[in-house]
Amino acid sequence: MTATCPWCNAPRGAGATCPRCGANYAKAEQIKATGRAQAAVPAGEPAVAAAEPAIPATLVGMEARAVEDPALELKLCVAAIPAALLLALVFHLLTPGLQRIFLGMPIHELGHAVSAWFCGFWAIPTLWKTIIPEERGFLAPVLLAGAIGWMMVRAYLAEKLYLVALGGALLVVQGIGTLGIQERTAEMLFTFGGDGMGMVLAAALMATFFFGKRSQLYKGWLRWGFLMIGAAAFVDMFATWWAAQGDTGAIPFGEIEGVGLSDPMKLVEEHGWSTKAMVRRYVLVGCSCLLALALVYAWGVRQAWRKAQPGGS
């Protein structure tokens, strides 16, 4: 017996049927295991195996198929990422300042914070500055490891082993960042992580478009918000470093009032990076994010195409 519904993976209730999809737990488990459910027969009569649906007939076309219109979903999956990136690029060319303030900067600061968390530092992102103490603490690593562990347990109960593997990889990264590097190296990493990790987070936001068809990502339209925020933030950060390959004047060197030295200035003056190496590293991260996003895009479109075919599920 699993802790989740065998049919829809919702948390298992106390009764005999799932409160979410209406499936009978026992029959659903039989169908998952043998392909059919054993029909109940009166005492004294021979049992005859009969295939029986695990959920009410009225729900077969609704709950069993998470996407309401597979043909429309295929079109959306094909167009969403390219269209969002194109719109974000137009937005960047027309009003780069507004894009930076309202969409790029929050993800940039979150990039600083996430990098610091995985290096063992407590961090609080704000609109223009991420507050990070000078020394590592004990609470931040414990909370982060606990959050990742909780995600792994939930993923295991829902039989989503790919999330369990992802959680394990994140714990390894946290262990290396917290225990395996010096504090000065960690400071360099979370300084670079503003735009570096920021581009990773922005690409991840765009990739969520293809996941969670049974969750609020799809049902509550959250994926559209994540898609547009991620596309705008990614273009804002990546365009700066792409342009910097031929124009060093595009690099935001200098000092920010109330904040201090800008990230590029810190990397060059305090950590000894050359301007050429810094630009190359940011561009490498951005191109790697685009490659990973392209792979997710190809997978998501293929999944949508399969479900749009006659008999697809």
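Residues numbered from 1 in each chain as written. Predicted model: local features only at pLDDT ≥ 70, side-chain atom pairs only at ≥ 80, totals over all residues. Heavy atoms only, no water.

A separate point is the overall build of the protein chain. Of the regular secondary structure elements, the protein chain holds twelve helices and four strands. Counting only residues that meet the buried cut, the protein chain has 35% of its 313 residues in that class. Across the protein chain, every contact between residues at least 6 apart in sequence was considered, and the portion connecting residues at least 24 apart equals 58%. Entry remark: accessible area of the protein chain is about 17,400 Å², with carbon and sulfur atoms responsible for 68%. (Helix = DSSP H or I, 4+ residues; strand = E, 2+ residues; numbered from the N terminus. Buried < 20%, exposed > 50% of the residue type's maximum accessible area, 1.4 Å probe, protein only. Contact = heavy atoms within 4.5 Å. Areas by Shrake-Rupley, 256 points an atom, 1.4 Å probe, with all protein chains shown as cover.)

All right, on to a nonpolar patch on the surface then. A surface patch of nonpolar side chains, about 570 Å² in accessible area, is lined by Phe-91, Leu-98, Ile-101, Phe-102, Leu-127 and Trp-128. At three residues, helix α4 (residues 96-118) tops the list of elements feeding residues into the nonpolar patch. Tracing the backbone shows Phe-102 in helix α4. (Patch = residues over 30% accessible without salt bridge, like charges linked within 9 Å, V, L, I, M, F, W, Y side chains within 5 Å. Salt bridge = Lys/Arg side-chain N within 4 Å of Asp/Glu carboxyl O.)

Turning our attention to a positive patch on the surface. Positive charge collects at one region of the surface, where Arg-20, Lys-160, Arg-214, Lys-219, Arg-302, Arg-306 and Lys-307 lie side by side. Considering each element in turn, the positive patch owes the most residues, three residues, to helix α12 (residues 275-308). Here Lys-307 is to be found in helix α12. Among the residues examined, Lys-307 registers a relative accessible area of 35% and is labelled partly exposed. (Lys, Arg positive; Asp, Glu negative; His and termini not counted. Charge placed at Lys NZ, Arg CZ, Asp CG, Glu CD.)

Right, let's get into the confidence of the model for the protein chain. Residue-level pLDDT values for the protein chain average 87, and 88% of them are 70 or greater. Within the protein chain, the lowest mean pLDDT, 39, falls on helix α2 (residues 57-60), and the highest, 98, falls on helix α8 (residues 196-207). Ignoring residues within four places in sequence, the model shows residues 44-64, a span with pLDDT below 50, making 41 contacts including any to other chains. (pLDDT = per-residue confidence, 0-100.)

Let's shift gears to the pattern of salt bridges. The tally for this structure, following the rule as stated, stands at four salt bridges. One salt bridge connects Arg-100 with Asp-195, and the closest N-O pair in it is separated by 4.0 Å. Taken together, the residues Arg-100 in helix α4 and Asp-195 in the loop between α7 (183-192) and α8 connect sequence positions 95 residues apart. Here the salt bridges do not stand alone but share partners, grouping Glu-73, Lys-213 and Arg-223 into one network.

Take unusual backbone geometry next. Negative phi is the rule for most residues except glycine; trans is the rule for most peptide bonds. For Glu-159, which is not glycine, the phi dihedral falls at a positive 60°. As for its placement among the helices and strands, Glu-159 is situated in the loop between α5 (139-157) and α6 (161-179). Classification of Glu-159 as exposed rests on a relative accessible area of 52%.

Here we take up the packing of aromatic side chains. Counted by the stated rule, this structure contains eleven aromatic pairs. Seen in terms of ring centroids, Phe-211 and Trp-299 are 5.2 Å apart; in terms of plane orientation they differ by 20°. Their pairing is stacked. Within this pair, whereas Phe-211 is found in the loop between α8 and α9 (216-219), its partner Trp-299 is found in helix α12, the two being separated by 88 residues in sequence. Taken together, the aromatic side chains of Phe-209, Phe-210, Trp-221, Trp-224 and Tyr-297 make up a single cluster linked through ring pairs. One cation-aromatic arrangement involves Arg-223 over Phe-209; the distance from NZ or CZ to the ring centre is 4.1 Å. It is Arg-281 that lies over the ring of Trp-273; its NZ or CZ is 4.4 Å from the centre. (Phe/Tyr/Trp six-rings, centres within 6.5 Å; stacked < 30°, edge-to-face > 60°. Lys NZ or Arg CZ within 6 Å of the ring centre and 35° of its normal.)

It is worth spelling out the packing of α5 against α6 at this point. At a closest axis distance of 8 Å, the pairing of α5 and α6 adopts a crossing angle of 165°. Accordingly, the angle class assigned to the pair α5 and α6 is roughly antiparallel. Crossing geometry of α5 relative to α6 is assigned as left-handed. On the side of α5, the interface is formed by Pro-141, Leu-144, Ala-145, Ile-148, Met-151, Met-152, Ala-155 and Tyr-156, while α6 contributes Leu-161, Leu-163, Val-164, Gly-167, Gly-168, Leu-170, Leu-171, Gln-174 and Thr-178. When the residues that make up the contact of α5 with α6 are grouped by side-chain class, the tally is 13 nonpolar, four polar and no charged. (Axes fitted to C-alpha atoms, helices over the stretch in contact; angles between N-to-C directions. Parallel < 35°, antiparallel > 145°, perpendicular 65-115°, else oblique. Left-handed = near helix turned anticlockwise from the far one by under 90°. Nonpolar A, V, L, I, M, F, W, Y, C, P; charged D, E, K, R; others polar.)

A few words now on the environment of Thr-178. In this structure, Thr-178 sits in helix α6. Judged by relative accessible area, Thr-178 falls into the buried class, the value being 14%. Between the C-alpha atoms of Thr-178 and Phe-118, which are 60 residues apart in sequence, the distance is 6.5 Å. With sequence-adjacent residues up to four places away left out, Thr-178 is seen in contact with Phe-118, Cys-119, Gly-120, Arg-136 and Pro-141.

Structurally, Lys-213 is set in the loop between α8 and α9. Here Glu-73 takes part through its side chain, which lies 3.1 Å from a polar atom of the side chain of Lys-213. (Polar contact = N/O pair within 3.5 Å; in protein donor to acceptor, adjacent residues only side chain to side chain.)

Another point: α5. Along its 19 residues, α5 runs 27 Å from first to last C-alpha, staying within 8% of the 27 Å computed at 1.5 Å per residue. Residues of α5 that are buried sit in contact with α4 and α6. In the stretch just after α5, Glu-159 is the one whose phi turns positive, near 60°. (Expected span 1.5 Å × (residues − 1).)

Tracing the backbone through its elements, the reader meets Gly-260 in strand β4 (residues 260-261). Counting along the chain gives 131 residues from Gly-260 to Lys-129, while the straight-line C-alpha distance between them is 9.6 Å. Leave out the neighbours within four places in its chain, and Gly-260 touches Gly-254 and Glu-255.

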